[in-house]
Structure formats: structure tokens, C-alpha cells
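Chain by chain, the residues run as shown.
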Amino acid sequence: MTEMGNMYIFEYLDENDFRKKERSVRKYNMLAYKKLTFDYYPRLRKGEFLGELIKEDNKLKTKSYELKLPTDELFTKVHGEIRLHYTVYIEKQIILLTNITPEGILDEGHRAELSTYKGVMISKKDPERDMFKINLLNMINK
């Protein structure tokens, strides 16, 4: 176990926005939420930086990462992968949680109860497009 002095602290670019997206993930993808909460967050706090290194700034001593969360294949094809975006401030031992994407569907999922079609959530903004994609993907996979 890491001693307390070596633990990283979470901070947020916009905590309200981040928490909304986190709740959407919990509501529509429990697997991703559990993995994030019980596996990824504790490992990040211990200084185990997960995901793909996107950018490194030697002057600011920061590293930015994108971590792909487990998502079912159909959701990914319709809306894109669910990713956690974060920046590590190495000297300050701070992890800045910046975003969870895809933004559109996660923002919408927080504001209103989204419908699902053949097991995939669909947006209120363009449900026809989402249903078309789902039907097309199902036809291709037959």
C-alpha cells in the first residue's frame, strides 16, 4: 500500500459538468462506471497513470491522458467510445479530471431520461439517425 504522502489528489476542470457525465455513465453503462470507480480511480490515486498518453508538457511538468472505458460494441459504433480525459501535474501530485466523452450523449443522458432502441440509448436530438445506425449495424452483422 502506498503511504498517504504519495497519493495523488483529484481536482476538476468543471466539477459540476464532470459529475453530470459521471452520473450518465452510471445510469447507462454500469460496467464502465464500476470499472472507473472501483478500479481506475484508486489506481490513478496511487500514481498508476492509465490509458494513452496524449500530450506531455515538460515546462509545466504535466502529462495528459485518455482512458478508454469498457463499452459495448454497439454503443461504441453509434456514439463513440466512452473516454476519461485527465491531466497529471507530477510535482504537485494532482490529477485534473477534465472530461468524459462522448459529450453529446452523456450531457443529454443527464438532462433527460433517454430512450433505448434494441438495447442502445438513443439521443433525443436525432433519434432517427441513431436508430438508422443501429438497424444498419444489425443488418451488417447478420
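From a predicted model like this one, the values you see are computed outputs, not experimental measurements.

(A) Focus on the pattern of salt bridges. All told, the structure shown has 12 salt bridges when counted by the stated rule. Its salt-bridge partner being Glu 22, residue Arg 19 comes within 2.9 Å of it at the nearest N-O pair. Placement of both Arg 19 and Glu 22 in helix 1 (residues 15–28) is noted, with a separation of 3 residues, approximately one turn of the helix. A relative accessible area of 29% places Arg 19 in the partly exposed class.

(B) Summary view of the sheet that holds strand 2 (residues 52–57). The strand order 1-5-4-3-2 describes an open sheet built from 5 strands, whose pairing is mixed. Looking at the sheet topology across the chains shown, the edges are occupied by strand 1 (9–12) and strand 2. The average undirected angle you get between the axes of adjacent strands in this sheet is 25°. Note that strand 4 (residues 83–89) and strand 5 (residues 94–101) share 7 bridges and pair antiparallel. The residue bridging Thr 87 from the neighbouring strand is Leu 96, located in strand 5.

What counts and what doesn't
- Residues numbered from 1 in each chain as written.
- Predicted model: local features only at pLDDT ≥ 70, side-chain atom pairs only at ≥ 80, totals over all residues.
- Heavy atoms only, no water.
- Salt bridge = Lys/Arg side-chain N within 4 Å of Asp/Glu carboxyl O.
- Helix = DSSP H or I, 4+ residues; strand = E, 2+ residues; numbered from the N terminus.
- Buried < 20%, exposed > 50% of the residue type's maximum accessible area, 1.4 Å probe, protein only.
- Pairing = 2+ DSSP bridges.
- Axes fitted to C-alpha atoms, helices over the stretch in contact; angles between N-to-C directions.

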